Amino acid sequence: MCVEIKMEKFSLPVLSVQNLSAQSQAGWRAVSDISFDVGMGECIAIIGPNGSGKSSLLKAITRQFSIIAGKVELSGIDICQLSRQEMAQWISIVAQHEYVDPRLTVGEYVWLGRTPHACYFSQQEHENVVNQSLTDVGLYHKKEHHFGDLSGGEQQRANIARAFAQKARIILLDEPTNHLDPLARIELLNLVKAKGVTAVAVLHDLSLVSEFADKVLLLQNQKMVAYSCPEGVLNDQFISPTFGLRVIPFQHPRANSIIHHFEALSSNRYDQPRGGVV
């Protein structure tokens, strides 16, 4: 009997969004009737056109926006039952724009990730976690450098290190690859993937999705269009009407994976395709 109970708890999704509708502080509808589950260790990509509700969904999950219908559960626990400190032990956030005091050293900034656990571990244990997180993102050698002296890519890696140091069960990333060069984008997502953490990331660059994501959530007009494996979403059925793009999948020449190439359905993004989707 005890084994059955343990197996049941283990099988619960670490994040379950159920018929979620939410609104902003200003009262406008942020997302409507969205449902999806995330298993332990899965990486999820949220995609959709500008204004489709991607960032708003993350804000609803973290209670920055008000839930007006449905619910969000973390391993079966309703988030509305959790304190802010408990939420921070469950979820770490890498926001679009991190406003960091440039005078902080990189080590001091990553230490902020330990705040939810401040009373539970020794100083040395906290230090060990910070050092390991910096090592994981390749920034240990810049621990004593000021945050403001880092490049844009290094600053984003420091943001990831701070999220790692928080030791939360889930990392939410809101457009983490914005303003990074192509190599830095790939490296950053590889860092998250290699860590083996449960991650939900809003991504604008569709070419990064299939390599990073175990599942893809497609949004349009604040509603869910599809939720499946990359091949189940990155196809003409869903991408063409949502983005106005044609999807061309092909086998990677040196890896056992599928690459997705995207091209415009028309030469002018404001032209309406004639004769239906090609």
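Residue numbering note: each chain is counted from 1, following its sequence as written. With the structure being a predicted model, the display of local features is reserved for residues of pLDDT at least 70 and the display and counting of side-chain atom pairs for 80 or more, all residues being used for whole-chain, interface and lining totals. As a convention, hydrogens and water are excluded, and side-chain values are obtained from all of the structure's heavy atoms.

What follows covers the nonpolar core. The term nonpolar core refers to a set of buried residues drawn from Ala, Val, Leu, Ile, Met, Phe, Trp, Tyr and Cys, joined through side-chain atoms within 4.5 Å. Burial here depends on accessible area, computed with a 1.4 Å probe over protein chains only, as a share of the maximum for the residue type. Under 20% is buried, over 50% is exposed, and the range in between is partly exposed. In terms of nonpolar packing, the biggest core is built from 47 residues, with Ile47, Ile160, Leu173, Val209 and Phe212 touching the most fellow members. For this core, the leading source of residues is helix 6 (residues 152-165), giving six residues. Contacts are assigned to residue pairs that have any heavy atoms within 4.5 Å of one another. When sequence neighbours within four positions are dropped, the list of residues in contact with leucine 173 reads Leu58, Val94, Ile160, Val192, Ala199, Val200, Ala201 and Val202. Judged by nonpolar contacts, the second largest core, of 30 residues, contains Leu20, Val31, Leu58 and Leu172. The helix count covers DSSP runs of H or I at least four residues long, the strand count covers runs of E at least two residues long, and both are numbered beginning at the N terminus.

As a further point, take the confidence of the model for the protein. A low pLDDT score tells you not to read the predicted coordinates there in detail. Predictor confidence is given residue by residue as pLDDT, running from a minimum of 0 to a maximum of 100. Averaged over every residue, the pLDDT of the protein is 90; residues scoring 70 or more account for 92%. For residues 1-10, every residue scores under 50 in pLDDT, and the model assigns this stretch zero contacts once sequence neighbours within four places are set aside.

Attention now moves to the layout of surface pockets. Approximately 340 Å³ is the volume found for the second largest pocket. Using a 1 Å grid laid over the protein atoms alone, points where a 1.4 Å probe fits but cannot get out form a cavity; open sets with protein on both sides within 12 Å along at least 5 of 7 lines form a pocket; any residue with an atom within 4 Å of a point counts as lining. If you trace the second largest pocket, you find 19 residues lining it, with Ile186, Ser207, Leu208, Ser210 and Glu211 closest to the centre. When contributions to the lining of the second largest pocket are tallied by element, the ones reaching two or more residues are helix 7 (182-195), helix 8 (209-212) and strand 12 (258-264). The element best represented in the lining of the second largest pocket is helix 7, accounting for five residues. Gly falls in the polar group here, along with every residue not listed as nonpolar (Ala, Val, Leu, Ile, Met, Phe, Trp, Tyr, Cys, Pro) or charged (Asp, Glu, Lys, Arg). In terms of residue class, the lining of the second largest pocket is made up of ten nonpolar, six polar and three charged. Grid points are joined across faces, edges and corners, and a volume is the space filled by probe spheres set on the points.

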